[in-house]
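A look at the structure
One-letter residues, chain by chain:
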Amino acid sequence: MSPEQETPAATPTETARIPDDALIIIPVRNTVLFPGAVIPITIGRPKSIAAAQQAVREQRPVGILLQRNAETDDPGPDELYRVCTVANLVRYVTAPDETHHLVCQGVQRARVLDFLPGTPFPTARVLHIPEPTTTSPEIEARFLNLQRQAIEAIQLLPQAPPELVAMFQNTTSPGALADLAASYMDIKPQDKQEILETVELALRMDRVSKHLAERLEVLRITNEIGQKTKAAFDERQREAILREQLATIQRQLGEGEGKAQEVAELNDAIAKAKMPPDAESHARKELRRYERMPEAAAEAGMVRTYLDWLIELPWSLPEEKPIDIAEARRILDHDHFGLEKIKARIIEYLAVRKLAPHGKAPILCFVGPPGVGKTSLGQSIARAMDRPFVRASLGGVHDEAEIRGHRRTYIGALPGNIIQGIKKAGTRNCVMMLDEIDKMGRGIQGDPSAAMLEVLDPEQNANFRDNYLGVPFDLSRVVFIATANMLDTIPGPLQDRMEIISLPGYTEDEKLEIARRYLVRRQLEANGLKPDQAEIDSEALRLIIKGYTREAGVRSLEREIGKIFRHAAVQIAEGSSTQVKVAAKDLTSILGAPRFEGEIALRTSVPGVATGLAWTPVGGDILFIEATRVPGKGGLILTGQLGDVMRESAQAALTLVKSRASQLGIDPAVFEKSDIHVHVPAGATPKDGPSAGVAMFTALASLLTNRTARHDTAMTGEISLRGMVLPVGGIKEKVVAAAAAGLKRVMLPARNRRDFDDIPQGARDRLEFIWLERIDEAIADALEPTRTPAAAAI
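As the structure is a computational prediction, the values presented were derived from the model and not from experiment.

Remarks on the packing of aromatic side chains
The full count for this structure, using the stated rule, is six aromatic pairs. Summarising the aromatic geometry, the rings of Phe756 and Phe769 are spaced 5.2 Å apart at their centres and angled 85 degrees between planes, so their arrangement reads as edge-to-face. One end of the pair, Phe756, is in the loop between strand S23 (745-749) and helix H27 (761-766); the other, Phe769, is in strand S24 (residues 768-772), with 13 residues separating them in the sequence. On the basis of relative accessible area, Phe756 is assigned to the partly exposed category, the value being 26%. Taken together through their ring pairs, the aromatic side chains of Phe756, Phe769 and Trp771 make up a single cluster. Its end group placed over the ring of Tyr306, Arg408 keeps NZ or CZ at 3.7 Å from the ring centre.

Pasting the structure below:
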C-alpha cells in the first residue's frame, strides 16, 4: 500500500492542552487504515506534524481519518469522513530531507461525534465501535469463501511472499480476515472507506468478497495473457532454430546463398578499403564472427554496423593536390576584408604545407569575439587547399565519448565526432573546424578536453584510437583549425598544443567596407532583391554602425541591414515602389531611434568622471569611473558590482591621491570631513581587474581638484603605491573599442609599447597614443585646467 504524500512545510512548535476523552485526528489523502494493519504514512502539513509530535510526546493514540477531496490542503470537519481507525504510533521518523514518517498500527474503528474548536490541529470526541463477534453458518461460509479468494489472488500475484499466504491461512476471525483482505486490495480509497464504515460482519464480508472477485478476474486474465506471451516467445525461438536448420540444409543443397553472398561482398569491400594491416586483420576477424552468427542473433546487427563503419572510413590517403599560394591569397582577400596579419600567417602556414606536405603542421586556433569571421576563415583555408571542409561543434560537449566514441558493448554505440566528421568528409586529409573549443564542459562521463589532447598533438594523433573502432586511425593528415571566444576556459595543456592567432574586433571603417562588399550583397540575395531594386548609401551604413550596433564583429550590423531590405521588399512586393534607396535620414522610420549615442562628452562634463577601457570576452569596451564627495568622516564607498581586485585598485588610487594632496593643491582636511563615493555604471554587470587603476586615480584627482577630465581621452593601466603605471592585458581590444567610440586620445602604460604592433592600422591612424611611466603624467594629460580652488567645493 502506497504511503500518503503531502506537501512539506514548517512544523509548528506550540503544544496544546487536549482533553483526555478527545482523540487527535490526522487527516490523510488516499490512505485508509484498517484495524490490525500496520502501514507507513508520510506527513508534511504543519497541523499533521504538530498532531503527530504531540501524540508521541503524550503517548496518545491518534485517529487516521480519510479526507473526501485529496486536493484539499487544509480540510475542515465537513471535508472529512466520519469513521476513522484508532491507531498507535509505533514509530515517528524525521528523514535527512526533513520529511516526517509515521508507522501506524490500527486498533479499532471509531465514529467522530464532534470536532473540538480552538485546537491547533483536528481533535474530536469519538465513539469507539467494538468488533462484532457473531458466529453462524452463514458467517462461517462467507469466511471460508473469502479466505479461498484471498489465497488464490495471492498465488496469482508475481513474486508474492509465501508469508502472506500463511497470514491469511492463520487468520481465524471473520472480521479480521475481511479487514486484512481489504487492506491489501488495490481498490479506490472511497471503496476502502465504505468497507471501514461497514460494521455488520456479513455485509462487510460480502463487500470485500465482491471487490476481491473483480480483482481475481483481472489477475486471471493477466496471468493468461502472460502465459500466451511466453508461449508465443517460445514459438519464435523454435521458429528461429528451424529457420537456421533450414538455412543449413539449403547451403548443403547449394540453394539460398544469401548470407554467403553478403559475406563475399563484405570481404571484397574490406580488400578495397586499403586498411592498415592491423585494421584489416581485425576486420576479417569480425567478418568471420559475423559469418558464424545466426541471422536472428541480436549481436549480428551490431557486428554488421561495425564492419560498415570500418569499410566506409577513408583509410587510404588521396593524391595531394598542389597548393597555389597566389590563388590562396586571392581567395582570402575575396572572402575577408582586413585581417592582414591573420591572412599573412595563413599564407605562411599554406606555404609550409606546400614545401613539406608530409611534415607536422601546427594546429591553428583562432581566438576572437563573436562575428569577426573565425569560422569563415577555416572555410577559406579549405578552399585555398582544395580540400573538403567539415565542422565539429564542441560547444556544450561534456562527455569524453563525444570525442573518443562509445565502446561497442553498448546498444546504439557510435564513433566520436572526430571519426564521424572524417567519414562525412570522405577523405583523410580534410580540413576539420573544431568550433567553440573553449565551451567544452566536464561531467561525470569524463573530460572531453583531456581527450582532445591526443587529437591535437601531431606527435600522437597518427595512432588515434577511437573506442568504437578499437583500431588506430591516422589523423596526422587532417588539418585541424580550432575557434574560441576566450582562452581562460581552455586548459593549459590543450592551449600548448595549438598556435593561438588572435582576431581583433573591426574598426568603423573596416565594418563599412565589409558591409559594402559582403553584407549588403548577402542580404539582397536572402530577401529576394536585385541590386537595382534596393540600395543603402554609405552615410546610412555608417550611421547604422555608429548608432544601431556596438559590437566587435558584424553580425548585428548584418541583421540591421536585413531589416532595411525586408522593409524594401514589402514596398516592392506591394507594388508601391520599384526601387528603394535608403539614406541616413530614412533610418529612424525603419529601424527606430538610434540605440547608441556619443555620451562621453556628456558624462565627462563635470569633475569626478574619467573614461576607462575594459576587456570583455566579446571585445573591448569603454567604462566610466564616477566619483563624488559628501559630508562624512573620510570613508570610501564603492558600488557598481566591483570585484575584489577592482576594489583594491580604488583603495590604492585614493591612497595615492592622499599622498599627492599637496602637489595637486588639495586641502588635506577635505579627506577628514568628506566621504568619497566611487561608482562604475552598468551595475548589473560584474567588473573586476586591476586595469582601471589609472582611470580611478584620474577620477578622484578630477573630483578633488575640481578639474574636468578631457572627454576625448580614455585610459587604462594598473597603478602601484609608488606611482608607477604597470602593464595590463587586452590592449588591442581596448584600443579598438576606444576608436569605435569616437575618442581621440588613449593613455596606455609605457610597458605596453610591445603591444602597439598588434593594434589595427585603422585604430592607430585615428588615435593619439600617450604612454605613461608614472601616474603624475596622467594628471597633466588627462585633466583640463583648474576651474576653481579645490578647497571651495564640498
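Now that the structure is up, let's keep going.
Let's talk about the environment of Ile270
Secondary-structure assignment places Ile270 in helix H7 (residues 258-272). Placed ten residues apart in sequence, Ile270 and Glu280 show a C-alpha to C-alpha distance of 7.0 Å. Excluding anything up to four places from it in sequence, Ile270 contacts Met275, Glu280, Ala283, Arg284, Leu287 and Ile311.

Brief notes about the pairing of strand S5 (residues 100-115)
When strand S2 (residues 38-43) meets S5, the two strands line up antiparallel, connected through six bridges. Paired with Val38 across the two strands is Gln105, which belongs to S5. Inspection of the sheet shows strand S4 (residues 83-94) paired to S5 by eleven bridges, in the antiparallel sense. Of the residues in S5, the one forming a bridge with Cys84 is Ala110.

Quick notes on the pattern of salt bridges
Going through the model one piece at a time under the given rule, you end up with 41 salt bridges. For Asp776, the salt bridge goes to Arg660, with nearest N and O atoms at 2.8 Å. Of this pair, Asp776 sits in helix H28 (residues 776-782) while Arg660 sits in the loop between helix H22 (644-659) and helix H23 (661-664), placing them 116 residues apart in sequence. In this structure, a network of salt bridges that share partners links the residues Arg109, Glu131, Asp179 and Arg204.

Quick word on the sheet that holds strand S7 (residues 363-367)
An order of S8-S9-S12-S7-S13 is seen for the five strands of this open sheet, with the pairing classed as parallel. Each edge of the open sheet carries a strand with a single partner, namely strand S8 (389-393) and strand S13 (498-502). In this sheet, adjacent strand axes meet at a mean angle of 25 degrees when their direction is disregarded. Pairing between S8 and strand S9 (residues 431-435): five bridges, direction parallel. By the bridge assignment, Val390 is partnered in S9 with Met432.

Quick look at the confidence of the model for the protein chain
Looking at the protein chain, the pLDDT average stands at 83 and 93% of residues meet or exceed 70. Note that residues 1-13 has pLDDT below 50 and, in this model, 42 contacts with residues that lie over four places away or in other chains. For the stretch residues 788-794, pLDDT sits under 50, and the model shows eleven contacts to residues farther than four places along the chain or on other chains.

A look at empty space enclosed by the protein
For the coordinates displayed, the defined rule picks out two cavities of 30 Å³ or more. Taken together, 14 residues form the lining of the largest cavity, with Arg353, Ala361, Ile363, Ser476 and Val478 sitting closest to its centre. As a volume, the second largest cavity reaches approximately 40 Å³. Around the second largest cavity sit Gly634, Gly635, Leu654, Lys658, Phe671, Ser674, Asp675 and Ile676, which together line it.

What counts and what doesn't
- Residues numbered from 1 in each chain as written.
- Predicted model: local features only at pLDDT ≥ 70, side-chain atom pairs only at ≥ 80, totals over all residues.
- Heavy atoms only, no water.
- Phe/Tyr/Trp six-rings, centres within 6.5 Å; stacked < 30°, edge-to-face > 60°.
- Helix = DSSP H or I, 4+ residues; strand = E, 2+ residues; numbered from the N terminus.
- Buried < 20%, exposed > 50% of the residue type's maximum accessible area, 1.4 Å probe, protein only.
- Lys NZ or Arg CZ within 6 Å of the ring centre and 35° of its normal.
- Contact = heavy atoms within 4.5 Å.
- Pairing = 2+ DSSP bridges.
- Salt bridge = Lys/Arg side-chain N within 4 Å of Asp/Glu carboxyl O.
- Axes fitted to C-alpha atoms, helices over the stretch in contact; angles between N-to-C directions.
- pLDDT = per-residue confidence, 0-100.
- 1 Å grid on protein atoms, 1.4 Å probe; cavity = no way out; pocket = protein on both sides within 12 Å on 5 of 7 lines; lining within 4 Å.
- Points joined across faces, edges and corners; volume = space filled by probe spheres on them.

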